[in-house]
Amino acid sequence: MGWQLLSIFFNVIAPVFALVLIGYLAAPKLRLDPRTLSRAAYFLFVPAYVFNAVSGAEINAGLIGRMVAFALVVHLLIALIAYLTARLLRRSPDMTGAYVILAIFGNVGNFGLPLITFRLGEEAVFPATIYFLAILFIAFTVSVAAASSRQRTSWRTAVEVFKTPALLALMPAVLINGIDLQLPLMVTRVTTLLGGAMVPVMLLTLGAQLAGMKQIRLSRDVWIASGLRLVGAAALAILLAPLFGLSGLARGAGIIQSAMPPAVLASIIAIEYDLLPDFVTTTVLVSTLGSLLTLTLLFAFV
């Protein structure tokens, strides 16, 4: 177990932090603008990645319904708990929205999928990918709604959600997958190149955002939001998995995905909508570091 966890750290986690460190060091030297990087990821790289993942996915119809329902319920419940926690603490609307984004947007893609592959094997990638695709929809929807609702009326918020680039890319991808349409090679190569840039750009953006922060404030809210995402969501997943008939690799993949730290995309959305980006970015960093401990304990349980 000890050697396996060391291997996870050096082969999966360390490269992720290396890119964040490169962004942190390069930003002041190269005058990298985190907002420009985040907009490129938000409007170009993430939609391309979603389009590729969904249009080419091979889905087992017998498992998809249960895993999607499980993912949505776990993440909606932890988002609700985060909202209620912020309200009980009498936090501002901006802070409440940030709590919700951090709770619902787990890093189930570039962090969760590699960890699950290493821990549970290739056979667990399918249920983990179903979870990932489900969370892309619900996390983007709730996050954009939470970020934009303080600035717009309710109907404008709804319009803003459906204008989210990742969701716009999801619709044609589902259609293409359903009818088994073969796209021209030029189109697939363009979307593949764009989608391949998503992870490094997001991690460089996180580093650049950290470099631009005047100071990292480890406030009480940072610890509470981190605990809700790392511990609260994992506890919910463990309790709810049997209710959705999940067992074996599907159960393990679902629980591990639920326990992921907040995604870099939460920080990108916070930058895009100017929703306490320093707080969100700090919590993403603290939670990711904290996940070294929480995921180690969870791997022993799973």
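Our subject is the structure listed above.
Okay, so let's go over this structure. (Residues numbered from 1 in each chain as written. Predicted model: local features only at pLDDT ≥ 70, side-chain atom pairs only at ≥ 80, totals over all residues. Heavy atoms only, no water.)

1. Points about unusual backbone geometry
Residues other than glycine seldom take positive phi values, yet Arg90 does so here, at roughly 60°. When you line up the elements, Arg90 lands in the loop between α3 (61-88) and α4 (93-104). By relative accessible area, which is 76% here, Arg90 ends up exposed. Positioned with a positive phi, Leu276 is a non-glycine residue whose angle comes to about 45°. Along the chain, the position of Leu276 falls in the loop between α13 (264-272) and α14 (277-301). (Helix = DSSP H or I, 4+ residues; strand = E, 2+ residues; numbered from the N terminus. Buried < 20%, exposed > 50% of the residue type's maximum accessible area, 1.4 Å probe, protein only.)

2. With respect to the packing of aromatic side chains
Considering all chains together, one arrives at six aromatic pairs under this definition. Centroid distance Phe70 to Phe244: 5.8 Å. Interplanar angle 70°. Geometry classified as edge-to-face. Of this pair, Phe70 sits in helix α3 while Phe244 sits in the loop between α11 (220-240) and α12 (248-258), and the two are 174 residues apart along the sequence. When the ring of Tyr99 is compared with that of Phe279, the centres are 6.4 Å apart and the planes differ by 25°; the resulting orientation is stacked. (Phe/Tyr/Trp six-rings, centres within 6.5 Å; stacked < 30°, edge-to-face > 60°.)

3. Focus: α12
Within α12, eight of the 11 residues are buried, which leaves it mostly tucked inside the rest of the structure. What α12 keeps buried is the set Ala250, Gly252, Ala253, Gly254, Ile255, Ile256, Gln257 and Ser258.

4. What to know about the nonpolar core
In this structure, Phe70, Phe105, Phe140 and Phe279 are the most contacted members of the largest nonpolar core, which totals 98 residues. Examining the composition of this core, we find that 15 residues originate from one element, helix α6 (residues 125-148), more than from any other. Once residues within four sequence positions are removed from consideration, Phe70 is found in contact with Tyr131, Ala237, Leu240, Ala241, Phe244, Leu246, Gly254, Ile255 and Ser258. (Core = buried A, V, L, I, M, F, W, Y, C linked by side-chain atoms within 4.5 Å. Contact = heavy atoms within 4.5 Å.)

5. Quick word on the packing of helix α2 (residues 34-55) against α13
For the pair α2 and α13, interaxial distance at closest approach is 9 Å and the crossing angle is 115°. As summarised for this structure, α2 and α13 are arranged roughly perpendicular, according to the angle between their axes. Handedness of the α2/α13 crossing: left-handed. Across the interface between the two elements, Arg35, Ser38, Arg39, Ala41, Tyr42, Phe43 and Val46 of α2 pack against Leu265, Ile268, Ile269, Ile271 and Glu272 of α13. (Axes fitted to C-alpha atoms, helices over the stretch in contact; angles between N-to-C directions. Parallel < 35°, antiparallel > 145°, perpendicular 65-115°, else oblique. Left-handed = near helix turned anticlockwise from the far one by under 90°.)

6. Topic: the pattern of salt bridges
Applying the stated criterion across every chain yields a total of two salt bridges. Here Glu272 and Arg39 are joined by a salt bridge, their closest N and O atoms 3.0 Å apart. In this pair, Glu272 sits in helix α13 while Arg39 sits in helix α2, placing the two residues 233 residues apart along the sequence. Looking at Arg39, the relative accessible area reads 35%, which means it is partly exposed. Two residues, Asp221 and Arg91, come together in a salt bridge whose shortest N-O distance is 2.7 Å. (Salt bridge = Lys/Arg side-chain N within 4 Å of Asp/Glu carboxyl O.)

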